[in-house]
Each structure stands twice: as C-alpha cells, then as structure tokens.
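Here's the letter readout for the chains.
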Amino acid sequence: MSTISTPLASHHLQELTLAVEGMTCASCVGRVEKALRAVPSVRDVSVNLATELATVQAEPGVHADQLIAAVHKAGYDVKQEEITLDINGMSCASCVGRVEKALYKVPGVSEVSVNLASEKATLTTTSAVSVDTLIAAVERAGYNAALPSIAQTEPARPALPTWWPVAVAAALTAPLMLPMLLMPFGTEWQLPGVWQLLLATPVQFWLGARFYRAGWRAVKAHTGNMDLLVALGTSAAYGLSLYQLFNQFMNTHGGHHVSHFYFEASAAVITLVLLGKWLETRAKRQTADAIRALNALRPDKATLRRNGVDSDVALSSIRIGDQVVVRPGERVAVDGIVQEGLSHLDESMLTGESLPMEKQPGDKVTAGAINGDGLLLVNTTAIGAETVLARIIRMVEHAQAAKAPIQRLVDQVSAVFVPVVLVLALLTLIGWGLIGGDWEQALLNAVAVLVIACPCALGLATPTAIMAGTGVAARYGILIKDAEALEIAHRIGVVAFDKTGTLTEGKPVLAALQAIDHDDDKLLGIAAALQRHSEHPLAHAVMDAARGKDLTPTDASDSKAVPGRGTQALIDSHLTYLGSARWMQELGATPDSQPELHALAKQLEQQGRTISWLAQADTHNRVTLLGLLAFGDTIKSNARQAIERLHHLHIRTVMLSGDNQGAAAHVAKELGLDDFRANVLPADKAQAITDLRQNNQSGQHGQRIAMVGDGINDAPALAAADVGIAMSTGTDVAMQAAGITLMRGDPALVADAIDISRRTYNKIRQNLFWAFIYNIVGIPLAAFGLLNPMIAGAAMAISSVSVVSNALLLKRWQPQDKKGRKGEST
C-alpha cells in the first residue's frame, strides 16, 4: 500500500491513511484514535475496524514517523511497504540530499535512502501514496524518477556507444590544447580566435548541454549541484573569451591582433568532466556486478513432467508440487526436493562452496545451481520470489541500497557544500579583482574554484564501497543484510557461539561403545539389528556407524519402541533391549553392577555424551548387560580453525550451551574458546548476550558483541547482539533476526564476514579522506591562483574516478579458505 495525501483547502490540512494491524474490537479502535489524537497538530482521526484503516487529518508539519510511533506505542502495528525508484539527473552528494528531502516531504513516507552509485531511491511508505505522487516530488526537486524498468526480451535497437560524447569533445578540444602542448618546445602558435570559437562552441553548448539542463533544474528548485558549478565555471571562461574576441575584432576591425583566449579552458574542463563521468559510470556498473551475476542465475524456462510427459514451459507456469526435470548441465529452475536421480550440483554462486555437492533422493536443491552429470527429478517446494536465490538477491539489493551511519556526516556536509563554494568563488573573484586589479585573472581563479569543488566523490565514497563489499561477500556465501550491520561488524570484539548446529554438526553420532566381552563389533551389530527400522536420530547414528564398519545387522523380530525407555526385539530367540539406565534398573540389569562400565559411563556423561545400555535376557529371563553405547554431537571439522582465526583478529570467543558444566568445559577446551556459559536455557540466551556486553572489559573502547546461531531459539539472542550472524543451515526465523547470514554451515565464515566488513569500512574511510582532501587542498590552491581551470577540471574528474576505483579493489577479496594467505591489502 502507499499513502494518499489530500489537501483540504478549507482548513489547509493534509489527509493521511494508515493501515493499522492488530485491532480486534471497538476498544482497539478507541485506543488507536486516542493515540493518534495525542500527536501534536493532528486535528481529526477516524479509525475503521472493518477496513483496518486510520484516516488522519493533520497540519502539513506532521510526519508519518510521528503517527507510526503513536500507533506502535498504543500496541499496534502499521502496515508498510518498500518502494524502489530509479532516479536520473543526480551528479553529486548534494543531489542525494535534495532528492531525500523532497521525498521525505511526501505525507506517508517514513524512510528514504537515496544511493548515488546505484541511482536508486528506496522508500518505506505507510498506507497508500501513489507512485505518481513520489515521482512528482522528485521532479519538483529538479530530477527525474521512474519505477525500475523490466529488462526487455526484444533485441534492443543499435545505439551509439556511451563514450561518443567524450570522443567528440576530445576531438574538438585537441586543436585548442595544441598550442599549450607546443609551448615547452619553444613553439609559439595559436589558432585564430574565430576558429577557437567554432571549436569551443559545440563543446560548450551541445556536448555540455547536460550541465546547463541539470544546473537549471537545480536553480528552479532553489538549490545547487555539481552541474551548476561546472556550468557557471565554464560559462565564465567561455564568456570572457567571447568578450576578448569581440574586443579584438572591434580594435583591429577584423584583423589578427594577438589576444589570449580561454576557450581551451572551458572546452577542456567540459571534456575532462565528461571523461570523468564516463569512467565513473563504468566503474559504478562494476560495483553492481554481484546483483547482475545473481540475476543471471535465474532460468527463464523449466522442463515440467506431467503424467509422464516432459514439456518445456515458462518458469511462470510452474506451481508448488510440480515435478521438474533437470538435465545434465542445466540450471535448477526451482527450489525443491530430489525425487529421483543422482548427480552433483555446483552451488558456488549461492553458497561460495567451490566443490560440487552430491544430491540424491530426499536432498534439497536450490534454484540457480548447475546440475552436473546426472538427470534429476525435483518436486517443487518454492518458486519465484520465495526461492532462496530470490531472497538472496533481495537481501543484497537491500544492503546495497541502504545508507551506512557514517554517511550522515557526508549528508550534513553536502547540504551546505554548493552554497559555500559559490560564496568562496565570489570572494575569490572580488579579492583578486580589488587587491590585484587583474579582473581577468580574478575570473579565472574563481572559475578554478567552481570547477574543482565538486561533491561527486563525497557522494560516491560510501555507497560504492558498500556495493563492492556486499557484492564480493555474497559471491562467497556471506550475505550482509544492511549497511548498519556492515559498519558495526568492523568493531566486533566478542563473538558468542551457540553450540549445537553452529560449532557442532547438530546431529548425534556414535561417539564410543564398550562391550563387556570386548567384542565391540558384535555389540554394534546387535544394536544395529534393534535399530534397523527405527527413525529415531540415535538409531540413524547406530546405522551410520554399522555401515562405516561394513557390518551386516543380524535378524531381529517383534521389534518395538518402548516410550521413554528405548527399543526391544527378539534376536536369536532372546529378548534384547537398548535404552536408558533407568530401564536397565527396571529390568534388573543394574549398570552399577559393572564398575568398569559404570566408571566409563560417568566419564562419558561428563563429556556431554548420551548413554544407552544394551542388555539381553537369557533362557531363564534374567537380563544381563552386554555393553554401552555413547552418543554425542560431533564438533565441526573446521570449528577449531575458525576460533583460531578469530583470535588472530584479536576477538574473544564465548560459547553458550545448554550442556552441563563438565560437558561444556570439555568442548570449550577442545576448541580453544576463551570462555563459555553452561546450562543456558534457550530463553536465557538473550540475557546472556546482555551480560556479556556488560562484562566486556573492552566495551568501553567501542567494541561490539556478535552472536552466531542457527535455530529458532537463537533468534532473541541474534536480535539482542550488536550484530547477529545466522547460519543458513538453520531456520528462516534465525536468518530474519540476523544482520549477516552465512550460506554455509561453516563457522570459519564468521571470521571472513568480520574481515570483509573491516576492509569495506576501511575503504569507506579511505574514500571519505580522499574526497575531503581533494576539496580541502584543491579549493585554497584554486582560490590563491595556483591551479588553472583545466588542472582543476582534471583533479575534479580524478577525484570521483579514484574513489570508485579504490572501492573496486574490494572485488579482489577472497575468504581465507580460497587462498593460502590473508586477503588483499587495503
């Protein structure tokens, strides 16, 4: 939904409509109305329970955020939606601020983020603002807006290459620059003034028309931007030259009296700026490579099997439950579960895992993966926007569109940048003219100030780094949800891990077994016979262990599960039991009667193992123990390496576990963790994060706490941490609560996520430093006459290109397991 704004002429009020969620009765209506009426400048409120709409009439100063906060305070929610607009005409950070300001003024818009690098505006709106209203607001600010275009399926008509304006401008400017290039060789020569006029005019008013158009839109909106500075500066140089040419003509009656012109300065500045913008656009396009690569994974068609017949259909025709055939070499078109077939899938673009993964019946497959050498029949479980690939793309797009907190400083500077530059240029003109008396030189110095003072680099510094960093991270299976998580992650000083499923595999395995007669293989064979037809996780662990030793389970009959106790069956005409110590005692086979086994069981329990006892009845129905089996959750193979890498980054590691003190201590020691918390109930994990934050001795230095988990019970702790890191092998709830999602259940990716966030933040700081330094150094040099306009134009172009190029260095980053040394130097 959007927000309708209807001015009420008689009272000069605006009308906003909010979609309120959570109301159930008339009392709810009353509470919502009371809460909204309490907002200052709200004049009337009407809430409809049937339509769940609240209509608010308020004075123009009331913002949607105030109304949403009031509804939330009353205990209800406001339905909101996200809208993305393509913005055309922005050239610098000042433009970003003006577009955001214009959109914020639209009633019903609660959040706005404009990205100069991607040229997109992401808005959050309440209730029903039409897109036309938003577009009109952008146009009033002097820019163009439209909904994102859908890629055309028809072949595009041939068009001129994007570099043609630069090439034409350079060809026209080269003869004007030639005299300057010949001067070091002692050659004094210049084109006649009329020829200079003929060469410079098309550059100024045809190829440079974009600066006039954009600058004029800014003037009409009572603002300024980079285009206005370029238009004013080059027009001043061109106008001075035209004045000189007119004077020469009048004084010599058309003769060839030598007079110096500045046509080459105005033409060269425009050419250099055009070159800089073209290079900048090319570089910006590379920062969005990750999104394009992910979108390219989406197939258009799929092979549908219906009633035994295969047919190629459009992907939009596939429905959940349909059977899709994936041939060797094809991309998987849907999320689903393998019904038939055996193959290997390349999921590297989704998970960052370079090795193909084996797939067999019952395994999940994901849209976008490339099938290997086998044919698969897949039962569709998700299509379109609900596939993992579509959700990954949305997450990356959201992160790249978001604005990092550090960007606030840039926004504040950009808001006053152009007016300040115009004042400085005027002061330069007056100062040189009055003090030095050389008004010609004064004008050139003022032009240099106007040209070099460009806020382009400021506007590109943060978004290009974020786009490059989040893009390369996504390539390797690290999805950063928003720019704030990226910025905070570089200050992480403590990482808290959930144990099960994060540091461990999350499924039981047979960790140890001991037979009374020391024939462990025989003991395992009997246990496998008992568990052969069971679906219990411990039964799977027994069967996996038996298969690992190539043991063939003996025959068993009358097998049945005894709830809360274990399993029993007839094996070789003897009742055989596998279950808890309590059941053994009930059967008369007390574990205490075997001191050696009893001591081993206690030792294993201290390590967090679950103990099952195997017993068998003799011909007299006396039950005796045969041995024990210990089950445990296996530590992931690279978990210790992951902890070591975090220590290398000077990050403390803590484990939160529901295990007893002894079991948790054993795992913590084996992994080399700095600390652990045992007996932590799922509901207490969020409080444990709070306690860690309070106890963090380095917290006073600004270090933050991250939580890594994968389950539903981890979601509160993920949300409570400064940065939540979820394993995608877990639940959607955990991923929704986390700021970073790891597409593989690999704890080593935690260090990689922190590493890329640190490098990205370093790039942001480097970019902002260079963006500021260009202006801090360049403007005074230009004002004091130490830079001519051409050098100023070149410096301005270089500033933007260097910032984007520096950000693109992040594309060289690789996770630790992809290289033998640390990532590329920043």
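Analysis parameters
- Residues numbered from 1 in each chain as written.
- Predicted model: local features only at pLDDT ≥ 70, side-chain atom pairs only at ≥ 80, totals over all residues.
- Heavy atoms only, no water.
- UniProt positions renumbered as here; feature names shortened; annotations may be inferred.
- Helix = DSSP H or I, 4+ residues; strand = E, 2+ residues; numbered from the N terminus.
- Buried < 20%, exposed > 50% of the residue type's maximum accessible area, 1.4 Å probe, protein only.
- Contact = heavy atoms within 4.5 Å.
- Areas by Shrake-Rupley, 256 points an atom, 1.4 Å probe, with all protein chains shown as cover.
- Axes fitted to C-alpha atoms, helices over the stretch in contact; angles between N-to-C directions.
- Parallel < 35°, antiparallel > 145°, perpendicular 65-115°, else oblique.
- Left-handed = near helix turned anticlockwise from the far one by under 90°.
- Pairing = 2+ DSSP bridges.
- Polar contact = N/O pair within 3.5 Å; in protein donor to acceptor, adjacent residues only side chain to side chain.
- Salt bridge = Lys/Arg side-chain N within 4 Å of Asp/Glu carboxyl O.
- Expected span 1.5 Å × (residues − 1).
- Arc of directions from axis to C-beta.
- Patch = residues over 30% accessible without salt bridge, like charges linked within 9 Å, V, L, I, M, F, W, Y side chains within 5 Å.
- Phe/Tyr/Trp six-rings, centres within 6.5 Å; stacked < 30°, edge-to-face > 60°.

- The name recorded for the protein in an unreviewed UniProt entry is Heavy metal translocating P-type ATPase, from Herbaspirillum rhizosphaerae.
- Per UniProt, the protein carries the Sequence similarities (unreviewed entry) text "Belongs to the cation transport ATPase (P-type) (TC 3.A.3) family. Type IB subfamily."

1. Side note on the overall build of the protein
Phase 1 of the analysis: Along its length, the protein carries 28 helices and 30 strands.
Phase 2 of the analysis: Within the protein, buried positions represent 49% of all 826 residues.
Phase 3 of the analysis: For the protein, restricting intrachain contacts to residue pairs at least 6 apart in sequence, the fraction spanning at least 24 positions comes to 68%.
Phase 4 of the analysis: For the protein, the accessible area works out to roughly 38,000 Å², and carbon and sulfur atoms hold 56% of it.

2. Describing the UniProt feature "transmembrane region" (unreviewed entry) in the protein
Phase 1 of the analysis: In the numbering used here, UniProt assigns the "transmembrane region" (unreviewed entry) feature to residues 162–182, 194–212, 224–246, 258–276, 413–435, 441–461, 767–784 and 790–810.
Phase 2 of the analysis: Its end C-alpha atoms 31 Å apart, residues 790–810 is made of 90% helix and 0% strand.

3. Section: the packing of helix H18 (residues 520–531) against helix H19 (residues 537–548)
Phase 1 of the analysis: Relative orientation of the contacting elements H18 and H19 amounts to 135°, with a least axis distance of 9 Å. The angle between H18 and H19 falls in the class oblique. Crossing geometry of H18 relative to H19 is assigned as left-handed. Listed contacts from H19 to Leu524, Ala527, Ala528 and Gln531 of H18 are Ala539, Val542, Met543, Ala545 and Ala546.

4. Some details on the pairing of strand S24 (residues 610–617)
Phase 1 of the analysis: Counted residue by residue, S24 has 7 buried out of 8 residues, so it is predominantly covered.
Phase 2 of the analysis: Here 8 bridges tie S24 to strand S25 (residues 623–635), and the two strands are oriented antiparallel to one another. Following the sheet pairing, Gln616 is matched in S25 by Thr624.
Phase 3 of the analysis: What sits between the antiparallel neighbours S24 and S25 is a turn of 5 residues, in which Asn621 has the positive phi angle 65°.

5. Considering the sheet that holds strand S3 (residues 53–58)
Phase 1 of the analysis: Strand order in this open sheet of 4 strands is S2-S3-S1-S4, and the pairing throughout is antiparallel. Taken across any chain shown, the strands that pair with only one partner, and hence form the sheet edges, are strand S2 (42–48) and strand S4 (77–78).
Phase 2 of the analysis: Sheet topology note: the strand S1 (residues 14–21)/S3 ladder contains 6 bridges and is antiparallel. Bridge pairing in S3 places Gln14 opposite Ala58.
Phase 3 of the analysis: Helix-sheet contacts for helix H1 (residues 26–37) involve S1, S2 and S3, and the interaxial angle to S2 is about 160°.

6. What to know about the sheet that holds strand S8 (residues 144–146)
Phase 1 of the analysis: Spatial ordering of the open sheet is given by S6-S7-S5-S8, a layout of 4 strands whose pairing is antiparallel. The strands lining the two open edges of the sheet, one partner per strand, are strand S6 (109–115) and S8. Neighbour-to-neighbour, the strand axes of this sheet turn through a mean angle of 25°, independent of strand direction.
Phase 2 of the analysis: When strand S5 (residues 80–88) meets strand S7 (residues 120–126), the two strands line up antiparallel, connected through 7 bridges. For Leu85, the partnering residue across the bridge sits in S7 and is Ala121.
Phase 3 of the analysis: Sitting on the sheet, helix H2 (residues 64–73) is in contact with S5, S6 and S7, with an inclination near 130° to S6.
Phase 4 of the analysis: Running at roughly 160° to S6, helix H3 (residues 93–104) makes contact with S5, S6 and S7 of the sheet.

7. What about the side chain of Asp755?
Phase 1 of the analysis: With respect to the helices and strands, the residue Asp755 is situated in helix H27 (residues 748–783).
Phase 2 of the analysis: Of the residues examined, Asp755 reaches a relative accessible area of 7% and is grouped as buried.
Phase 3 of the analysis: Within the structure, Asp755 has its side chain in polar contact with the side chain of Trp813 (distance 2.8 Å).

8. What about the pairing of S1?
Phase 1 of the analysis: Where burial is concerned, most of S1 is hidden: 6 out of the 8 residues are buried.
Phase 2 of the analysis: Pairing analysis gives 2 bridges linking S1 to S4, with the strands arranged antiparallel. Paired with Val20 across the bridge in S4 is Val78.

9. Looking at the pattern of salt bridges
Phase 1 of the analysis: Counted under the stated rule, the structure contains 22 salt bridges.
Phase 2 of the analysis: With a shortest N-O distance of 3.7 Å, Glu33 and Arg37 are connected by a salt bridge. With a gap of 4 residues between them, Glu33 and Arg37 both fall in helix H1, about one helical turn apart.
Phase 3 of the analysis: Note on Glu33: relative accessible area 18%, which makes it buried.
Phase 4 of the analysis: Ionic pairing is found between Arg565 and Glu586, a salt bridge with its closest N-O pair at 2.8 Å. Within this pair, whereas Arg565 is found in the loop between strand S21 (557–562) and strand S22 (566–571), its partner Glu586 is found in helix H20 (residues 581–587), the two being separated by 21 residues in sequence.
Phase 5 of the analysis: For Arg565, a relative accessible area of 31% translates into the label partly exposed.
Phase 6 of the analysis: Under the relative-accessibility criterion, Glu586 is labelled partly exposed at 44%.
Phase 7 of the analysis: Among the charged side chains, a salt-bridge network with shared partners connects Glu33, Arg37 and Asp44.

10. Overview of the packing of helix H22 (residues 639–648) against helix H23 (residues 661–671)
Phase 1 of the analysis: One way to put it is that H22 packs onto H23 with a least axis distance of 9 Å and a crossing angle of 65°. With respect to H23, the axis of H22 lies roughly perpendicular. On H23, the residues touching Ala639, Arg640 and Ile643 of H22 are Lys669, Glu670 and Leu671.

11. Examining the side chain of Ser757
Phase 1 of the analysis: Inspection of the secondary structure assignment puts Ser757 in helix H27.
Phase 2 of the analysis: Contacts of Ser757, omitting those with residues within four sequence positions, involve Leu486, Ala489 and His490.

12. Considering H1
Phase 1 of the analysis: A rise of 1.5 Å per residue sets the reference length of H1, with its 12 residues, at 16 Å; its end C-alpha atoms lie 17 Å apart and thus fit the reference within 8%.
Phase 2 of the analysis: The complete set of buried residues in H1 reads Cys28, Val29, Val32, Glu33, Ala35 and Leu36. In an axial view of H1, the angular spread of the buried residues amounts to 165°, which keeps them on one side of the axis. When the buried face of H1 is taken as reference, the exposed residues oriented beyond 90 degrees from it are Ala26 and Lys34.
Phase 3 of the analysis: Lining the buried residues of H1 we find S1, S2, S3 and H2.

13. Some remarks on a nonpolar patch on the surface
Phase 1 of the analysis: Taken together, the side chains of Val416, Val420, Val423, Leu424 and Leu427 make up a nonpolar region of the molecular surface, amounting to roughly 410 Å² of accessible area.
Phase 2 of the analysis: Mapped onto the fold, Val423 is located in helix H13 (residues 407–436).

14. A look at unusual backbone geometry
Phase 1 of the analysis: Unusually for a residue other than glycine, Asn307 sits at a positive phi of about 55°.
Phase 2 of the analysis: Counting through the fold element by element, Asn307 comes out in the loop between strand S9 (301–306) and strand S10 (309–314).
Phase 3 of the analysis: The backbone of Asp550 sits at a positive phi, close to 55°, despite the residue not being glycine.

15. Regarding the packing of aromatic side chains
Phase 1 of the analysis: What the rule picks out here adds up to 7 aromatic pairs.
Phase 2 of the analysis: Seen in terms of ring centroids, Phe205 and Tyr212 are 5.7 Å apart; in terms of plane orientation they differ by 25°. Their pairing is stacked.
Phase 3 of the analysis: Accessibility expressed as a relative area gives 44% for Phe205, which makes it partly exposed.
Phase 4 of the analysis: Judged by relative accessible area, Tyr212 falls into the partly exposed class, the value being 26%.
Phase 5 of the analysis: Geometrically, the ring pair formed by Tyr238 and Phe263 is edge-to-face, given 5.4 Å between the ring centres and 70° between the ring planes. Highlighted residues: Tyr238 in helix H8 (residues 226–252) and Phe263 in helix H9 (residues 263–287), separated in sequence by 25 residues.
Phase 6 of the analysis: Assessed through its relative accessible area of 8%, Tyr238 is described here as buried.

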